[in-house]
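# An overview of the molecular structure
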Amino acid sequence: MRFCPNKLFTKARNLIGIGLASSAAVSAAGASSSTSSSADTSSTYTTTTTSDSPSSTSSFPVDSSTDDDQRRKLCIIGSGPAAHTAAIYAARAELRPVLFEGWMANGVAPGGQLTTTTDVENFPGFPDGVSGSDLMDRCRRQSLRFGAEIITETVSKVDFSKRPFRIFTDSRTVLADAVIVATGAVARRLSFDGAGDGPGGFWNRGISACAVCDGAAPIFRNRPLAVIGGGDSAMEEANFLTKFGSKVYIIHRRDNFRASKIMQGRVLKNPKIEVLWNSEVVGAYGDEKSGGRVLGGIKVKNVVNDDVFDLKVNGLFFAIGHEPATKFLNGQLELDPDGYIVTKPGTTMTSVKGVFAAGDVQDKKYRQAVTAAGTGCMAALDAEHYLQEIGTHEDTSS
Ligand SMILES: Cc1cc2nc3c(=O)[nH]c(=O)nc-3n(C[C@H](O)[C@H](O)[C@H](O)COP(=O)(O)OP(=O)(O)OC[C@H]3O[C@@H](n4cnc5c(N)ncnc54)[C@H](O)[C@@H]3O)c2cc1C
């Protein structure tokens with residue numbers, strides 16, 4: 001993360017839901033019915049929209065009427081690095097995948113979590129960094145280039161009880177022999193004065209939900225930082241941040257951590273970490289030297305005596321968990337107690353044969369773009385083997 005004006009564009013896009021290269025779809029979303037060519041000349045991308053839903057299709061047309069079922073070999077649900085990597089591999093294997101990229105699914109624009117950040121500096125191949133939106137725009141164009149069909153609709157439910165599987169949006173039903181679920185997760189954020197993306201908010205200007213992603217940014221180097229949380233992630237993030245910050249506060253609502261003893265031990269022994277027990281953040285304000293553009297400090301309330309005090313920190317990291325996007329599955333895949341899809345170790349296979357999962361929706365440990373992309377590749381290869389096994393490799397879509 002680096003402070004840059006580009007962020008305003010990303011924020012605006014997330015608010016109004018402009019989906020990366022699908023800006024053509026968005027601009028047409030208000031029209032009653034239209035087909036337009038995308039400005040993206042690197043692909044044969046055309047969009048079709050209806051007045052009812054901001055949908056777009058590309059590569060080859062799909063009838064969006066509810067009663068016209070569409071049969072596909074492979075359906076991919078999601079639009080982050082996992083989904084697009086799966087789409088690129090599957091399209092190159094001539095599986096003609098259809099990918100539902102969502103329409104502000106769980107409040108995130110098509111392209112996924114990276115569209116909510118500025119610079120990504122740890123994705124291989126970009127020595128100078130790349131903006132999260134640019135990276136995802138490139139992934140999307142690469143999916144299209146190899147013939148993936150992208151539909152800008154959110155999957156509302158699935159039926160994995162019979163084959164072919166059924167995937168439903170508000171306006172269509174797709175039948176698929178194999179499915180890859182890559183719907184990601186959403187980092188939980190707290191809401192208080194100064195926490196937001198809008199004017200007066202310091203999200204991405206000192207406040208972040210990913211220490212591993214953002215901790216090394218220059219605005220945090222040798223500065224006091226704070227982490228909110230009391231679980232293993234909070235412990236891990238706080239320890240990690242001591243490499244960069246001059247001091248790290250852990251702010252926790254209770255008087256004990258729920259993190260594992262070993263993780264707690266590491267934190268409590270670290271001389272750069274101080275724990276503020278029974279405390280919560282109630283406000284954030286700007287740094288005077290920067291003209292208030294980046295975070296300068298926070299207001300912390302002691303929840304026992306209601307005293308509010310000022311804490312000068314230049315970075316604040318939420319480590320209060322993630323919400324995997326699995327509700328639409330309605331219990332049809334095995335999930336762990338935190339709602340993540342359970343996969344067979346070393347594979348992307350789920351509890352239902354022919355359904356695979358990739359990316360953050362099945363990974364609560366690493367949660368990085370490159371690991372999401374890696375499992376997206378695995379899911380496409382696993383799906384291809386499965387389709388070969390069941391003998392549907394010939395085109396069943398027409
Ligand atoms: C602020 C921030 C900064 C980050 N910075 C970095 C970084 O610098 N480097 C790094 O490696 N990682 C970073 N990460 C983590 C990284 O973004 C994630 O690990 C990665 O995006 C996960 O990819 P994914 O493909 O699993 O899913 P996601 O990126 O979560 O995308 C999933 C997509 O699926 C869509 N979707 C959800 N449900 C449905 C549905 N029912 N139908 C259709 N579509 C649906 C969502 O709209 C979403 O767009 C950051 C994360 C955050 C929040």
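Residues numbered from 1 in each chain as written. Predicted model: local features only at pLDDT ≥ 70, side-chain atom pairs only at ≥ 80, totals over all residues.

Looking at an unreviewed UniProt entry, one finds the chain named Thioredoxin reductase, with Arachis duranensis as its source organism.

### Remarks on the site of the ligand
How we decide: Note on definitions: a residue is near a molecule or strand provided its C-beta atom, placed from the backbone, lies within 6 Å of it. Each helix is a run of DSSP H or I of at least 4 residues and each strand a run of E of at least 2, with the numbering of both proceeding from the N terminus. Three categories are distinguished: nonpolar for Ala, Val, Leu, Ile, Met, Phe, Trp, Tyr, Cys and Pro, charged for Asp, Glu, Lys and Arg, and polar for the others, with Gly belonging to the last.
Neighbouring the ligand are 44 residues, the closest being Gly80, Gly102, Gly112, Gly184 and Gly359. Those elements giving two or more residues to the shell around the ligand turn out to be α3 (81-92), β11 (185-187) and α8 (369-390). Split into classes, the residues belonging to the shell around the ligand amount to 24 nonpolar, 17 polar and 3 charged.

### Quick look at the pairing of strand β15 (residues 273-276)
Worth spelling out the cut-off: Strand pairing requires that DSSP identify at least two bridges connecting the strands.
Two strands pair when backbone bridges link them, and strand β14 (residues 247-251) and β15 are joined in this way by 4 bridges, in the parallel orientation. Looking at β15, one finds that Ile251 is bridged to Leu276.

### Concerning the pairing of β14
Threshold: Three exposure classes are used. Buried residues have 20 or more other C-beta atoms within 10 Å of their own C-beta, exposed residues have 12 or fewer, and partly exposed residues fall in between, all C-beta atoms being placed from the backbone. Note on handedness: a clockwise path from strand one over the helix to strand two, with the strands aimed away from the viewer, defines a right-handed crossover.
Where burial is concerned, most of β14 is hidden: 4 out of the 5 residues are buried. In this sheet, β14 lies alongside strand β13 (residues 224-228) in parallel orientation, the contact comprising 5 bridges. Bridging across to β14, Pro224 finds its partner in Lys247. Running through helix α6 (residues 232-241), the crossover from β13 to the neighbouring parallel element β14 is right-handed. Since β14 and β15 lie parallel, the crossover through helix α7 (residues 261-269) that links them has a hand, and here it is right-handed.

### Focus: the confidence of the model for the chain
Parts of the model with low pLDDT should not have their predicted coordinates read in detail. This is how the line gets drawn: Confidence of the predictor at the level of single residues is given by pLDDT, which spans 0 to 100. By definition, residue pairs are in contact when their C-beta atoms, positioned from the backbone, come within 7 Å.
Chain-level statistics for the chain give a pLDDT mean of 84 and a share of 81% at 70 or above. Across residues 58-68 the pLDDT falls below 50, and counting only partners more than four positions away or on other chains, this stretch makes 24 contacts in the model. This model gives residues 393-398 a pLDDT under 50, and the stretch forms 7 contacts once residues within four places in sequence are excluded.

### Some details on the sheet that holds strand β17 (residues 295-302)
Short version of the rule: Between N-to-C directions, angles cover 0 to 180 degrees, with each direction set by a line fitted to C-alpha atoms, over the stretch in contact for helices.
Pairing is antiparallel in the open sheet, where 3 strands are placed in the order β16-β17-β18. The open sheet has two edge strands, β16 (279-286) and β18 (308-311), and neither has a second partner. Neighbouring strand axes in the sheet, compared pairwise and without regard to direction, differ in orientation by 25 degrees on average. Looking at chain direction, β16 and β17 are connected through 7 bridges and run antiparallel. Bridge pairing in β17 places Ser279 opposite Asn302.

### Considering the packing of α6 against α7
The criterion, for reference: A clockwise turn of the near helix away from the far one marks a right-handed crossing, whereas an anticlockwise turn of less than a right angle marks a left-handed crossing.
Their axes nearest at 9 Å, the elements α6 and α7 cross at an angle of 35 degrees. Considering the relative orientation of α6 and α7, their crossing is left-handed. Taking contact as the criterion, the partners of Asp232, Met235, Glu236, Ala238 and Asn239 in α6 are, on α7, Met263, Gln264, Arg266 and Val267. By residue class, the composition of the contact of α6 with α7 is 4 nonpolar, 2 polar and 3 charged.

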